[in-house]
Every structure is written in structure tokens, then in C-alpha cells.
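# Working through the structure, step by step
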Amino acid sequence: MREKLMEILTETCPGVDFETETALIDDGLLESLDIVTIVAEIMDAFEVELNVEDLVPENFNSVDAMLELIQSLAE
Amino acid sequence: MSFTSVGFIGFLAAVVVLYYALPKKCQWVFLLAASYGFYMAGGVKTVVYLLFTTLSTFVAGLWLGRLNARKDALTGPEKKAQAPVFKRKKQMVTALVLIANFGLLFALKYWNFTASAVSGATGGSVILPQLNLLMPLGISFYMFQSVGYVVDCYRGKYKPQRNVFKYALFTSFFPQVVQGPISRYDQLSPQLMAEHSFHADHLKYGIQLCMWGYFKKLVIADRAAVLVNTVFGDYTSYSGSIIALAVFFYCIQLYCDFSGGIDVTRGAAQMLGIDLAENFRRPLFATSLADYWRRWHITLGQWMRDYVFFSLTLSKPILKLGKWSRKKIGGTLGKVIPTATATFVVYLFIGIWHGANFRYIFYGLWNGAIITSSQLLANTYYRCRMKLKLADDNRGLYVFRMVRTWILVFLGRYITRAPRLMAAFYMMWVTVSRPVLSDLWNGTALTLGIARMDYVIVLGAMAIVVAAEFFQERGTEIRKWLEQRGFLVQWLAILLPLLVLLVTGILRGDYISSEFIYKQF
Amino acid sequence: MKEKHRMTSGQWLVAFVLTVVLLGLSVLGFNYITDPFGAFGDRFFQWWSYDETMNPRVAKIEYLEQNHELYDSYIIGCSSTSSWPVEGFNEYFDARFYNMIMYGADMLDVELMSKYLIEHYEVKNLVVNIYINNAEEYNTESDPLTYNLNYKVDGTSRWDFYKKYLFLNPRYGLEKLKKYRNDSYLQAAHDVFDEATGAYDKSRRDVENISDLETYFTKAEYKAFVDYPQRTGHINNLEPCMESMRAIKEVCEENGVNLMVVCPPVYYKNLEYYTQEQVAAFNRALAEVTDYWDFTMSSVSFEPRYFYDKTHFRNCVGDMAVAKISGDDSVYVPGDFGHFVTADNVDQVLETYWEAEPLAEDELTAKVPILMYHHLAETGDGGDIISVEDFESHMATLTRAGYTAVDFDDLKSYVEQGVELPEKPVVITFDDGYESNLTLAYPILKRYGMKATVFAIGVSIGKDTYKDTGESMIPHFSLEEAALCADAITVGSHGYNIHEVAGRDPEPIRQGVLQKESETEEEYIQFLRNDCEAMDALFEEALGRTPQVLAYPFGWHTTLSDLILKEEGIWATVTSDVKINIIIKGIPQSLYAMGRLAVRGSYTADQVLEMLKTGQRPQ
């Protein structure tokens, strides 16, 4: 799952160090445009349904946060 | 009450004094009374609309909160089963309130325009009656703010406010009711309800911010406005360079008037110990049109992002479009199409938000087209930059981007200020086809309603503003810097602005020269 | 490292409040000190004529608060009131009048002001000016700064009044300071009032030459007479207007004030704004309230030259009116000018309105050419020097052609008393005061029964060398010698030491009577006064009379020079403007800056005759 996510992320935003960054939203490395693109791909790739309520900084600040979100929705 | 009236300053002073004099528990009640007093000073009748929006969104919030609570009370499989039921109920409540309020907004702000557009389109065969309703103060601001609250409640972001009076303060808070910023409930309401003890710091920062705002409004905006009005009021009589001059001055006027007003708003709130969101962040230094909209009228952009853009991109139609475009078109383009569509819609809405007019619609489309096209061409730009071996933080590239943005914004101003859309195109055409550059120095510039001294004042003061923002952009906090200076410098920083305001205010005041007092002598 | 004294936020706030208060107080203080409307008594500048221009209703009261002991009677009304002469009324009533004219006043203003004056000051006589225009507007909205009454007069709030003038836009005060620094002696747009009398300062207007109508109409102020604006008037406020008049009469009776009501002369086209019925209604209503002196309509009303502009009559017409009131025969008054109206004869007086006609040009005016000679000698030089023979032929030809020589006193009698001049008058003048005028010209003049005026240069009287250069020049006569020829020669002034000559006087020379570039206005005025005094001293000793008439060297003059000379007693001046003069009965200004026809030694007698007819130099 992690590889798939990393693939999506690096394709959408090349040049961002997703491995180490933990403040992707707060530091402005990911913008709203990037987020929705990533979200659409995530929904497609992992077959989960995201809602607008899920679009909060805490869920997208790091790769780990995103993985947690996906897992919680898969249940 | 206009911000620049003596009445408002007196009102503000009285509010601040009483606010800190009253027992802290009563502070928010006092603010509520003051806010409604302020609102009704502009006309008692229109407060009905404010009450309608306040009450309807308050009730909706409570209802949604209850639905959310009931849903969360359930567990496991039952929760999953009931989820769609709750969702439908919440959607109905939200839809009802939104339609009621936006319907009201439509009737007040957009009906007449729609009616005349329809009769125009049908060649006069369908004539809809025009409504002559008075537009309530700040409706575009407080309504959006209230709707944001409802949607937040729908999304379960926070528990709704149970006290209608506390909620009413959120929607009517007087500094921001006139021209924003559009605040978020969870950011503003706790501050409003908190108890504030007197801090000299707050009062000082607030006063400084207000003075800065008044400086921009009184010294720059009101002065530049005269030239702008003269030229736009009679645009067929002027050559291209004069029109361009007027558009340039309009850029100055609009920024100084709007951001100055926001400064006064935030300064007033700051005096009460309340932090309102920033609405402007040095738009002059924007590197792209999208960046510009993140620096200009920030709260509107954020509102659109959170309540329109995100909702749209995660809506079924757009998701479907996304799936299709990724499959059929593929590549980066395929991925971008759904978001680009949503972006386009957002800017169209932004355009319409500004006013009921073809030119605002066009303005929205214009911004949308440029921004979406740059999204679609993002890859192309990236490849160009690689070819030219330019790093992203290259100085020259930075300047190039700024200048490009200035030009685009400058052109956009033709559209919004002209009396009609066709007039805007005409004026753009005249600017390039008949510039007559000599008009700028052959004396024509002095016939536009302002004197040489006014030019000096406007441009000089604007230079001060730009210089201040330049330092701020680089990270200097001017107020903190000022605090480090000595006594004399700080006192001069009080005296000089006050003097400037006094003198330029005087120069504008009504006045009859003794040479004209007795004309028929 | 030295610790900089920084401000805490608390100190900052205090500093802020103090600075705001300080700035506020300085604006208030500035307004109090400059006091451009005189609302605070203009304690520091006492420049009443400026303050009164800005708002006469406010400033005049403040002026009177400080100076009312100087006066015991008042003239009051709207703007045409100014031309009622304070001097004339002072003589007639043996009082000390102040002219309380308030431009744009309506009868309510007049009523309130009259009551105030009577209640607060000594008022023996009150002259109220009223005319049909006062029945149009009553209690109109007035500009709060420039048209409102002083709060003391209309009983409005004292705080509002002071607040308004304390929080005034400081530009008013600034402008007053600017104008104060550069104020000229001459009346300017910003000081239209004469402090001492309260009337308009018309000193500038009253030294302008007035001559024929054609020239008159070329001036901007008088163009309106050519194209008089049309308007329909009304008398909708006749009742309240008369109410105020009645109230004024009552308060006068209660307080033993002698009331006189006057209706000013009105230009006939101005009266045409009203229908005959309206005019009749106004007069009848007024006659019912009080008797009054009516000067509204007469031959005077048809003559544009009797007016400063399309609505205001001249000061000299005011003098005529007072002469009529006081029955002074020594002043020219047209036969149909002025009626004392009572309720019994008001209808008869109205008839005279409709019967009034303008006087014929030759009844009201006279054509007076003035000839200018310089020096006589046995042989002429074709220019300024004329041969005795030629001079005699000129005089002979003139006499034969029916011309009678008159002097300036004759012109004055015509203008002031209406004493008719001979059919073909001519004034003969000589410039500079050469001996030859007495030795050679005088005998010829006597032989033909003519008289002349010689304009003598003060410093050259009785000399034959130029000032103190020792250079010889044509001999000039002394005044003792001139006194012996007084039966045909009158001596006038050519300036004591105004006539500077290039080459003989040190550079830069004065150009005629004009101000030198290096002179300030004050210095120039002093120079003129000194010059007149010197001349006066000389003349009084030798001739028993100061100079009455002056000829401008080279003909150049300015309004300032005209004004100062008039103040020093000169009532007629001549220039070198080539024209034949028109003088008008009742208008002393027709004697100012008159034109002259220069006679060159080469002119034949017939050429001179031709010149007298056409007013142009021979070709």
C-alpha cells in the first residue's frame, strides 16, 4: 500500500521529499490543488470514499497520516 | 456609519472604553448590542435580513448538530446502515437553509440583473418585473460567513452554538460586517466569548493598524478616486495613455480602499483583543494569478476553497469526470481536468460574488480561464523552465512572474471598473491603438480632477506603502522593529502619521476661498 | 551599551492620546487666533474688512461689540444698502451713522438685526433699505459659515456657533494669513468692506473714468446691461416681508428711534422682472405699514452709468438721493428723482413709475474736448513748441467756430450741480508751466475772452535750471507771477517731482507717476502723499488754494495713483489718451482720467477744428 501511495504522491508532486516531511500542509508543500488530485487518485486506487470532512491538515501532513486515513476508511 | 466619519471614530472609542470598563462577563453582550446598534445606524429596516439569516442558520446548525449526535450515538453495523438516512436528512436541512438564504441574496442582489438579461435575451417578449429592494449592509459577507457555519455543522466540524445571542454576535460583529473578512466560527467565536482584560499592547497595535488603514484610505484611495471617476465617467473623451493612467490609479485606489478598510476593521477588533483573519497579504508580490488570489481577499478565496472547491472535487459528477479523463485522455492532462473544471467554476462564482453584472461574470471567466489554463499547461511550463535551466527560485524568474501577474491583474481592472463590459473592451482597444503618450506630460493629466500636489501625495504615499510591504515580504515585522527604536523615533511615528492625516484631510475638506465669497462685487 | 529609553505600550497610548489632543488643540487655537470670520472678535489681527467679507453678519456684530460707541445711528438692508452715504446722513441727521449692509439679507435678517442693534446699542436713527426684491425670498436657508447670523442676533445656540468656528477647516485661517502678508492698500476681492463706515469699499470703483456708453459697455462689469438677463420675479413672500417691516417700526416706536424707510433706485430692466400689479401691490403694502422715500423709478433708472452693476446703484447716486431727502439745492438731482410716499399718494407715485423716461443724451451729458499745449515761442518747432502766431490763429478760429473756453471748475459745477455749460465747450491746457504761457499765451487768451489751465511741475516752478543739475532749461513761471494772471489762467498740478526725464535724472527713473520696481507699495504711497503735500504747501502760500486738478506726466496712471490723489484732494485728472470726453451730471467719476487732444506746433487751425470734431489726430 505504501508503495502505491508513494507512486501517486511523487507523480503528482515531483520534487517533494515525501519520505521525511511531516508538515506537508502546514508548510505549504502541498496545495489544495495537489490535495484534491491526490485524493481522487487515492479513492480510485484504494477504492475508499473520502469526504470533505476528511480534508484536514492532520490527515495529510505526512505519508503516515495519509496511510492511517486510508486504513480507517477501508474498514 | 462610514469608517472615515468622525461618528465612527467616536463610536469606536466609546465601545473600547466601555468594553474594558464593564465586567468581563458582560463583554460579549455589550459587543452584541454595539454591533446591532452599529448595523441599525445604517437603516433600521434592513436589520430584518440580518436577523433572518442569523436565525435560519442558527436553527439549521442546531438541527444538524442533533442529527450528528444521534448518528454518533449509534455503533458499528447500525451506524453503517443508518448512515445514508442521516446523510439524506442532513442534506435536506442544509439544502433548505442554503436555498432560503441564497434565494434571498439572489432576490436582493441579482434579480434585477437577471430580469433585464432575460428580457434582453428574449427580445422583450418576456418581461419580468424589477424589484426595488434596498440591499442590506454587508449581506455578501455575513451570509457567506453564516453559510460556512452551517456547512461546518453539516460536516460535524464542531458542535453548534446553543445560545442564539452568542451566535448572533458571530454574524453581526460590527468591525467586519461591512466588508469582511469572512471569518470561521471556530476561529472567531471563542475569541468573542472569551473574557478580555485590558492590554496596552492590544490597544496600541490596534490603533497603529487603524492609522495605517486610514492613511491608505484617506490619503491615497480617496484622492486617486477623483481621477478614476473623472476618466471612467467620460471615457470616450480620453486617449489611451490617460485611460491606462486611470486604470493604474484604480488599482491603487481599490487596493488602498479595500485593504485600508480591512486594516481599520482588524485594528478595531484588535483593540478589543480579537484577532480577525488576514484578508490581504501583499498582493503586489504575487507570482501568478493563482498566487494573487491567495493574497487578495484571502478569506473569500479560502471560503470558496473549503466550501465550493473541495465539495465540487469530491462530488460524484466530478469524480466521474476524473475517472473518464484519466482513462480516455490520460497522462498529466487527464489528471488535471477534473480539478481544472472545479477551479473554473470557483472563479466564475468569485466573479459573480462581486456583483450582478455581465462584466463581473466575464471577470470570473477571465480569471478562471487563465488559472485553469496554467494548471493544464503546468507541465509545459515546467519543461520550458528546465530547457532554460532556470531554478525555481531564480531572481529573474521571480521578477518575470511578478510583472506577468501585474499585467494580468491590470487588464482585469479594466473589466471591473468600466461602466459596461463593452466599454471595458473599448477602453482596452483605445489604450493600445491610440495611446498618445504625450498626454501624460502635456498638461492633460492636470485636468482630471486632481492637482499636481495630489499626484505627488498619491504616488509618494503609495511608495511608502510599497516600501513597507517590501520589508514585510522579506519577513521584517515593522511594528516590532518600531518598538526597538528610541523614544523620539516612536513619538515621531505617532506624530507624523497624525499630521499627515490632518493635513491631507484638511486639504480635502469643504472650503470656499475668500476670493469667491462675494462674487457679484 | 547605552540603554535607549523605549516606550512601553502604556506610555505609547498616553503619548498617542496626548498627541491627538495636542493636534486638536492647535487646530482650535489656530482657528481662534486667525479668526477668519471674526466670530471671536478677531483679537489678534483686527482685520475687520477681511472678516466682514467672509461673513458680514457675524463679523460686523463683533466689530460693533468693540466699537459701537463711535456710532449712534444705523443704515440697514441688503446689498444695495451700501451706496446710501454715511456722510450724507450724518450731516442731515447730525448723527454718526454705521452702514449695516449685509449682502443677500432678507427682511427677517434685517428685522432680527435691527432689534439687536436697538436693544444693545445707542440708536437714534435707523434707516431701513427695502425694495420689491425683498418680497421674493424670506428666511432662506443660509450657508452656515458665510451667511448665517451671529448667534447673539438670532438667538441660536452659542455652543453650536463657537463649535462651528473653532472646528473650522484651518485653510480659512491659512488663507487669511497669506492675504494679510500681501495685502494691498487697494481694495481686493477679500476685503470688500470699509471698516469704519461698514459700507462696501468702493474706492477702486469710484476712481474709474466713466465716459461714453460705448466704452462703458466694453468693461466686463457692465456687459450685463447690453444683454440683461431675463427672469420672472414674484412677490410670494410679501406678507412676511411686511410683517418684519411692521415689527421693525414697532420696536423703533417703543424705543424712541427715528425710523426712515428708503427704496433704492432700481435699473428699469430689473424692475421689469415684476408685473405692474406686483409692483403696485408691493408699494401699497409698504405704504400701509410706513411712510417711505421712494427712489425706485425715475430717469436715473434708465442710465446704466448710474449703476455699479445690474442691481446696485452708485455711491454718487446715493449722494443725489440724500440731497433730495435733505432738500439740498446745491447738489444736482434729476427732477423726477425721489418721492416721499405716504398711504395717500402711493397711487400717484406709482403713475410716475410708468411715466418715467430717460433723459436725452444732451440733457444728461456734455461733450468736452481738452486741448494740450506746452510752450510758446517766436518760432515753433512743429512739436511741443508752437509759434505765437499759430497759437493766435488757433484761438481765433475756435472763437469763430463758436467754441467757448471753460475751465475745470466749470466742469465741476456741471457734474455736481448741473450748471449748464456753453453749447460748444473746450478746455485749453498747457503742460509743465513754462514762462511763455504767461508772457505769450495769456495776452492772447484775454483778447479772445478765453481761459486756460496750466499744469506746473513743482520742482521747476520759477526756475530756469533743471533741479540741482545746473543744466539750463526753458524758464518756468513762478506762482506769484501766475497769481497775477488768475483772471484767465488757473494753475493745476503736474506733480511736484514726478516728472523725471531720462538723461537728466539718475537711473532708474520713475516712469511718469508709476511705482518704481524697487519701491514697496507703502513707500510708493508715501512718495505720492509727500509729493502732494509739497505741492499743496507751494500753492497755498502763493495762490491761497491747493491744486484741484492734476495732469499725469506722459499720461500714465494706475488705480492706486488715482486713489491716493483723490484722497489728497484732486477731483479731476487728465491723461494723454486721445479722445473727447463725455461728462455726466451727477457722476464725479467722469472727471477722472479724462483724455486730451495734443496740439503739435505744426497743426493748422483747421486741423485743430477737425480734431475737435472727430476726436482723432490729424493725418
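Just so it is clear, the model here is predicted, and its values are computed rather than measured.

Next up on the list: the overall build of chain C. The number of helices and strands found in chain C is 23 helices and 18 strands. Within chain C, the fraction of its 619 residues that count as buried is 57%. Sequence-distant contacts in chain C: of pairs separated by 6 or more residues, those separated by 24 or more amount to 71%. Charge centroids of chain C, computed over 53 positive and 99 negative side chains, lie 6 Å from each other.

This part takes up the interface of chain A and chain B. The partner chain B presents 18 residues to the 17 residues of chain A that form the contact. Contact between chain A and chain B buries roughly 1,600 Å² in total, counting both sides, with carbon and sulfur atoms accounting for 65%. On the chain A side of the interface with chain B, the three residues burying the most area are Leu33(A), Val36(A) and Val52(A), jointly 29% of the side's total. Scanning the region where chain A abuts chain B turns up 0 salt bridges. Among the elements that line the side of chain A that touches chain B, the one with the most residues is helix H2 (residues 32-46) of chain A, at 9 residues. Of the residues belonging to the side of chain A that touches chain B, the class tally is 8 nonpolar, 3 polar and 6 charged.

Further remarks concern the domain arrangement of chain C. Residue and element names in this part refer to chain C. One can read the domain layout of chain C as domain 1 (35-359) and domain 2 (363-614). Inter-centroid distance (C-alpha atoms) of domain 1 to domain 2 is 39 Å. On the domain 2 side, the residues contacting the 23 residues of domain 1 number 28 residues. Buried area between domain 1 and domain 2, summed over both chains or domains, comes out near 2,200 Å², and the portion from carbon and sulfur atoms is 63%. The interface formed by domain 1 and domain 2 holds 0 salt bridges in total.

Once that is clear, we can look at the packing of aromatic side chains. Two aromatic rings, taken as a pair, are described by how far apart their centres are and by the angle between their planes. Residue and element names in this part refer to chain B. Tallying each qualifying case throughout the model produces 87 aromatic pairs over all chains. For the ring pair Phe-144 and Trp-303, a centre distance of 4.4 Å and an interplane angle of 45° mean the geometry is tilted. With Phe-144 in helix H5 (residues 139-154) and Trp-303 in helix H12 (residues 298-313), the pair connects residues that are 159 residues apart, well separated along the chain. Taking the centre distance of 5.1 Å and the plane angle of 85° together, the rings of Phe-280 and Trp-296 count as edge-to-face. Of this pair, Phe-280 sits in the loop between helix H10 (240-271) and helix H11 (289-295) while Trp-296 sits in the loop between H11 and H12, placing them 16 residues apart in sequence.

All right, on to the sheet that holds strand S4 (residues 258-263) of chain C then. Residue and element names in this part refer to chain C. What the 6 strands build is an open sheet, ordered S2-S1-S3-S4-S5-S6; its pairing is mixed. The sheet is open, and its two borders are formed by strand S2 (97-101) and strand S6 (339-341), each paired with just one other strand. Averaged over neighbouring strand pairs, the angle between their axes works out to 20° when direction is ignored. With 4 bridges connecting them, strand S1 (residues 73-77) and strand S3 (residues 125-129) associate as parallel partners. Residue Ile-75 lies in a different strand from S3, and its bridge partner there is Val-127. Of the strands in this sheet, S1 and S2 are in contact with helix H3 (residues 56-67), which crosses S2 at around 155°. Along the sheet, helix H4 (residues 86-93) contacts S1, S2, S3 and S4; its crossing angle with S2, the most-contacted strand, is approximately 135°.

Residues and elements named next belong to chain C. In this structure, Asp-154 sits in helix H6 (residues 151-154). You can call Asp-154 partly exposed: its relative accessible area is 29%. Asp-154 sits 46 residues away from Leu-108 along the chain, and the two C-alpha atoms are 9.8 Å apart. If we ignore the near neighbours within four places in the chain, the residues touching Asp-154 are Leu-112 and Leu-149. A polar contact is formed between the side chain of Asp-154 and the side chain of Thr-156, at a distance of 2.8 Å.

Take Ser32(A): it is sitting in helix H2. On the basis of relative accessible area, Ser32(A) is assigned to the partly exposed category, the value being 23%. Between the C-alpha atoms of Ser32(A) and Leu55(A), which are 23 residues apart in sequence, the distance is 9.5 Å. With residues up to four places along the chain from it excluded, the contact list for Ser32(A) reads Arg305(B), Phe309(B) and Phe310(B).

Right, let's talk about the packing of helix H3 (residues 47-73) of chain B against H5(B) for a bit. Axes are the key here: two packed helices are described by the angle between their axes and the distance separating the axes. All names here are of chain B. Across the interface, H3 lies against H5 with an axial gap of 8 Å and an inter-helix angle of 10°. Our classification of the angle between H3 and H5 gives roughly parallel. Contacts between H3 and H5 pair Tyr-49, Leu-50, Thr-53, Thr-57, Ala-60, Gly-61, Leu-64 and Asn-68 from the former with Tyr-142, Met-143, Ser-146, Val-147, Tyr-149, Val-150, Cys-153 and Tyr-154 from the latter. For the contact of H3 with H5, the residue count by class is 11 nonpolar, 5 polar and no charged.

For the rest of this paragraph, the subject is helix H19 (residues 435-447) of chain C. Residue and element names in this part refer to chain C. Between its first and last C-alpha, H19 extends 19 Å over 13 residues, near the 18 Å set by a 1.5 Å rise per residue. Taken together, the buried positions of H19 are occupied by Ser-436, Asn-437, Leu-438, Ala-441, Tyr-442, Ile-444 and Leu-445. Where H19 is buried, its residues meet strand S9 (375-377), helix H17 (388-400), strand S12 (425-432), strand S13 (452-456), helix H20 (479-484) and strand S14 (489-493). Positive backbone phi, at 65°, marks Gly-449, one or two positions downstream of H19.

As a further point, take the pattern of salt bridges. Taken as a whole and assessed by the stated rule, the structure comprises 40 salt bridges over all chains. Its salt-bridge partner being Glu473(B), residue Arg295(B) comes within 2.9 Å of it at the nearest N-O pair. Note that Arg295(B) is positioned in helix H11 and Glu473(B) in helix H19 (residues 452-473), a separation of 178 residues in sequence. The closest approach of N and O atoms between Arg545(C) and Asp409(C), which form a salt bridge, is 3.2 Å. With Arg545(C) in the loop between helix H21 (521-543) and strand S15 (549-551) and Asp409(C) in helix H18 (residues 408-417), this residue pair connects regions lying 136 residues apart in the sequence. Assessed through its relative accessible area of 39%, Arg545(C) is described here as partly exposed. On the accessibility criterion, Asp409(C) (28% relative accessible area) is partly exposed. One connected set of salt bridges, linked through shared partners, spans Arg282(B), Asp291(B), Arg294(B), Arg295(B) and Glu473(B).

The next point concerns a nonpolar patch on the surface. Nonpolar side chains collect at one region of the surface, where Trp324(B), Ile329(B), Leu333(B), Leu376(B), Leu377(B) and Tyr381(B) lie side by side and expose about 550 Å² of accessible area between them. Assignment of secondary structure puts Ile329(B) in the loop between helix H13 (316-328) and helix H14 (331-354).

With that settled, the discussion passes to H13(B). For H13(B), spanning 13 residues, the distance from its first C-alpha to its last is 18 Å, which sits close to the expected 18 Å at 1.5 Å a residue. On the buried face of H13(B), the contacting elements are H2 of chain A together with H12 and H14 of chain B. Downstream of H13(B) by one or two residues, Gly330(B) has phi in the positive range, about 65°.

In this fold, Asp393(B) is placed in the loop between helix H16 (378-387) and helix H17 (395-417). On a C-alpha basis, the gap between Asp393(B) and Leu365(B) in space is 30 Å, while along the polypeptide they are 28 residues apart.

Quick look at the pairing of S14(C) now. All names here are of chain C. Of all 5 residues in S14, 4 are buried, a share of seventy percent or more. Alignment of S13 against S14, held across 5 bridges, turns out to be parallel. Following the sheet pairing, Thr-453 is matched in S14 by Thr-490. Regarding topology, H20 serves as the crossover connection from S13 to the parallel S14, and that connection is right-handed.

Before going further, it helps to examine unusual backbone geometry. Omega for the bond connecting Gly180(B) with Pro181(B) falls within 30 degrees of zero, at 10°, which places this linkage in the cis form. The topology assignment puts Pro181(B) in the loop between helix H7 (174-177) and helix H8 (185-193). For the peptide bond that leads from Glu507(C) to Pro508(C), omega is -10°, which places it in the cis range. You can see Pro508(C) is positioned in the loop between S14 and H21. Positioned with a positive phi, Glu47(A) is a non-glycine residue whose angle comes to about 50°. Assignment of secondary structure puts Glu47(A) in the loop between H2 and helix H3 (57-60). Accessibility expressed as a relative area gives 72% for Glu47(A), which makes it exposed. A positive phi angle is found at Asp35(C), which is not glycine, with a value near 45°. Along the polypeptide, Asp35(C) turns up in the loop between helix H1 (9-34) and helix H2 (48-54). Asp35(C) gets classed as buried once you look at its relative accessible area, which sits at 2%.

Thresholds applied
Residues numbered from 1 in each chain as written. Chains lettered and ligands numbered in written order. Predicted model: local features only at pLDDT ≥ 70, side-chain atom pairs only at ≥ 80, totals over all residues. Heavy atoms only, no water. Helix = DSSP H or I, 4+ residues; strand = E, 2+ residues; numbered from the N terminus. Buried < 20%, exposed > 50% of the residue type's maximum accessible area, 1.4 Å probe, protein only. Contact = heavy atoms within 4.5 Å. Lys, Arg positive; Asp, Glu negative; His and termini not counted. Charge placed at Lys NZ, Arg CZ, Asp CG, Glu CD. Buried area = accessible area lost by both parts, 1.4 Å probe. Salt bridge = Lys/Arg side-chain N within 4 Å of Asp/Glu carboxyl O. Nonpolar A, V, L, I, M, F, W, Y, C, P; charged D, E, K, R; others polar. Domains from an automatic or database assignment. Phe/Tyr/Trp six-rings, centres within 6.5 Å; stacked < 30°, edge-to-face > 60°. Pairing = 2+ DSSP bridges. Axes fitted to C-alpha atoms, helices over the stretch in contact; angles between N-to-C directions. Polar contact = N/O pair within 3.5 Å; in protein donor to acceptor, adjacent residues only side chain to side chain. Parallel < 35°, antiparallel > 145°, perpendicular 65-115°, else oblique. Expected span 1.5 Å × (residues − 1). Patch = residues over 30% accessible without salt bridge, like charges linked within 9 Å, V, L, I, M, F, W, Y side chains within 5 Å. Areas by Shrake-Rupley, 256 points an atom, 1.4 Å probe, with all protein chains shown as cover. Right-handed = clockwise from strand over helix to strand, strands pointing away.

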